[in-house]
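# Coordinate inspection notes
Chain residues, written in single-letter form:
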Amino acid sequence: MFHEAGFWVAVSFVLFFVLAGKKLWTPIAAILDNRAELIRKELDEAARLRREAEQMLEDATREREQAFAEARSLVEQSRQQAQDMALKARAEAEAAVARHEQMARDRIAAVERAAVKEVRQLAIDAAVEAAHGIIPQTLDDKGASALIDQALAAMPAAMARQVA
């Protein structure tokens with residue numbers, strides 16, 4: 001075994017690491033420790049950024065839901081206002097139609113009253129004309145005097161009825 005080259009290579013390798021290992025191992029371990037610490041810091045930073053991103057996502061989702069709720073509320077309010085305005089416009093239109101209808105009825109009634117008054121006046125005029133033609137033929141002076149006396153006697157009673 002002492003005569004084999006592999007044995008002496010292994011012994012020299014072990015001796016080399018035992019003697020020089022501490023000088024080599026300390027810087028290598030420091031480099032690896034620094035690298036591990038850097039990786040640990042980067043992982044912590046990544047975890048922090050992820051938490052922030054998740055929080056931002058939650059905030060954005062909540063804000064979006066609030067915006068949708070507000071939009072739905074505004075749409076519903078607009079619909080309600082439009083419906084109220086339509087009902088109000090319908091009521092106003094119906095009231096205007098009722099006013100115009102009442103005005104038309106009033107005009108018709110006024111025209112009817114005027115027509116009745118005109119017909120009465122025409123009837124009176126015709127009666128007076130007929131009386132002018134018939135009275136002189138049928139009435140003598142004595143009958144006319146009696147008729148005038150009778151009319152004058154009935155006048156206070158007729159005036160009282162007309163005032164009442």
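These lines cover the structure that appears in this document, whether it is placed above or below. Being a predicted model, the structure only gives us computed values, none of them experimental. (Residues numbered from 1 in each chain as written. Predicted model: local features only at pLDDT ≥ 70, side-chain atom pairs only at ≥ 80, totals over all residues. Heavy atoms only, no water.)

## So, the packing of aromatic side chains
- As enumerated under the stated definition, the model contains one aromatic pair in all.
- Seen in terms of ring centroids, Phe 7 and Trp 8 are 5.2 Å apart; in terms of plane orientation they differ by 75°. Their pairing is edge-to-face.
- With a relative accessible area of 24%, Phe 7 lands in the partly exposed category. (Phe/Tyr/Trp six-rings, centres within 6.5 Å; stacked < 30°, edge-to-face > 60°. Buried < 20%, exposed > 50% of the residue type's maximum accessible area, 1.4 Å probe, protein only.)

## What to know about the pattern of salt bridges
- Enumeration according to the criterion identifies six salt bridges in this entry.
- The partner of Arg 48 in a salt bridge is Glu 52, with the nearest N and O atoms 2.3 Å apart. Placement of both Arg 48 and Glu 52 in helix H1 (residues 5–138) is noted, with a separation of four residues, approximately one turn of the helix.
- Accessibility expressed as a relative area gives 31% for Arg 48, which makes it partly exposed.
- Between Arg 62 and Asp 59 there is a salt bridge, and its shortest N-O distance comes to 2.5 Å. Of the two residues, Arg 62 and Asp 59 both sit in helix H1, three residues apart, roughly one turn of that helix.
- For Asp 59, a relative accessible area of 27% puts it in the partly exposed group.
- Where salt bridges share partners, they join Glu 45, Arg 48 and Glu 52 into one cluster. (Salt bridge = Lys/Arg side-chain N within 4 Å of Asp/Glu carboxyl O. Helix = DSSP H or I, 4+ residues; strand = E, 2+ residues; numbered from the N terminus.)

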